[in-house]
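Okay, here's what each chain looks like letter by letter:
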Amino acid sequence: QVQLVESGGGLVQPGVSLRLSCAASGSIFRINVMGWYRQAPGKQRELVATMSTSGNTNYADSVKGRFTISRDNAKNTVYLQMSSLKPEDTADYLCNMRIFADDYWGQGTQVSVST
């Protein structure tokens, strides 16, 4: 079975940068899509950024120009570089990977942006 392990979240002040990491382990042949989602208390889960095997990316309008997604296929790892963090970025950030037709999710890492 495939397991995802996330790291990099924390409590920071506005304007600070954070880098999230998510590494997959287990029975992996090919990861087709890697991505990040987030969910704030009382709100629906929303897409933050995704990256396909070909390198095509997709970002939420709210993070364009501030967040950058990248992947290391050799390490089965996806990253999310977050800059100029705002209070509205506060949420539980979830890693997602699609392997063949199966979706796998991490348990989430909390990002809190506050003065």
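Now for a look at the structure at hand. (Residues numbered from 1 in each chain as written. Predicted model: local features only at pLDDT ≥ 70, side-chain atom pairs only at ≥ 80, totals over all residues. Heavy atoms only, no water.)

## A word on the overall build of the chain
Right, so step 1: When helices and strands are counted, the chain shows zero helices and eleven strands.
Right, so step 2: Seen in sequence order, the chain has helices and strands lined up from the N terminus as β-β-β-β-β-β-β-β-β-β-β.
Right, so step 3: For 115 residues, the compact-globule estimate of 2.2 N^0.38 gives 13 Å, and the C-alpha radius of gyration of the chain, at 14 Å, lies within 12% of that figure.
Right, so step 4: Here the chain holds 115 residues, and 42% of them are scored as buried.
Right, so step 5: Taking as baseline every contact in the chain between residues at least 6 positions apart, the subset at least 24 positions apart corresponds to 52%. (Helix = DSSP H or I, 4+ residues; strand = E, 2+ residues; numbered from the N terminus. Rg over C-alpha atoms; globule rule 2.2 N^0.38 Å. Buried < 20%, exposed > 50% of the residue type's maximum accessible area, 1.4 Å probe, protein only. Contact = heavy atoms within 4.5 Å.)

## Digging into the sheet that holds strand β1 (residues 3-7)
Right, so step 1: Within the open sheet, the four strands sit side by side as β1-β3-β8-β7. Their pairing is antiparallel. Single-partner strands in this sheet number two, and they are β1 and β7 (67-72). With direction set aside, neighbouring strand axes in the sheet form an average angle of 15°. (Pairing = 2+ DSSP bridges. Axes fitted to C-alpha atoms, helices over the stretch in contact; angles between N-to-C directions.)

## Section: the side chain of Arg66
Right, so step 1: Mapped onto the elements, Arg66 comes out in the loop between β6 (57-59) and β7.
Right, so step 2: What makes Arg66 buried here is its relative accessible area of 10%.
Right, so step 3: A distance of 3.0 Å separates a polar side-chain atom of Arg66 from the backbone oxygen of Ser84.
Right, so step 4: With sequence-adjacent residues up to four places away left out, Arg66 is seen in contact with Gln81, Met82, Ser83, Ser84, Leu85, Lys86 and Asp89. (Polar contact = N/O pair within 3.5 Å; in protein donor to acceptor, adjacent residues only side chain to side chain.)

## Some remarks on the state of the cysteines
Right, so step 1: Summed over all chains, the structure comprises one disulfide.
Right, so step 2: For Cys22, the disulfide goes to Cys95, at an S-S distance of 2.1 Å. Taking the sign of the torsion about the S-S bond as the criterion, the disulfide between Cys22 and Cys95, at about -90°, is left-handed. Taken together, the residues Cys22 in strand β3 (residues 18-25) and Cys95 in strand β9 (residues 91-99) connect sequence positions 73 residues apart.
Right, so step 3: Owing to a relative accessible area of 0%, Cys95 belongs among the buried residues under this scheme. (Disulfide = S-S within 2.5 Å.)

## So, the environment of Phe100
Right, so step 1: Its location among the elements puts Phe100 in the loop between β9 and β10 (102-105).
Right, so step 2: Overall, Phe100 belongs to the exposed group, its relative accessible area being 55%.
Right, so step 3: When the C-alpha positions of Phe100 and Val33 are compared, they lie 9.2 Å apart, and in sequence the two are 67 residues distant.
Right, so step 4: Residues within four places of Phe100 in sequence aside, it is in contact with Phe29, Arg30 and Asn32.

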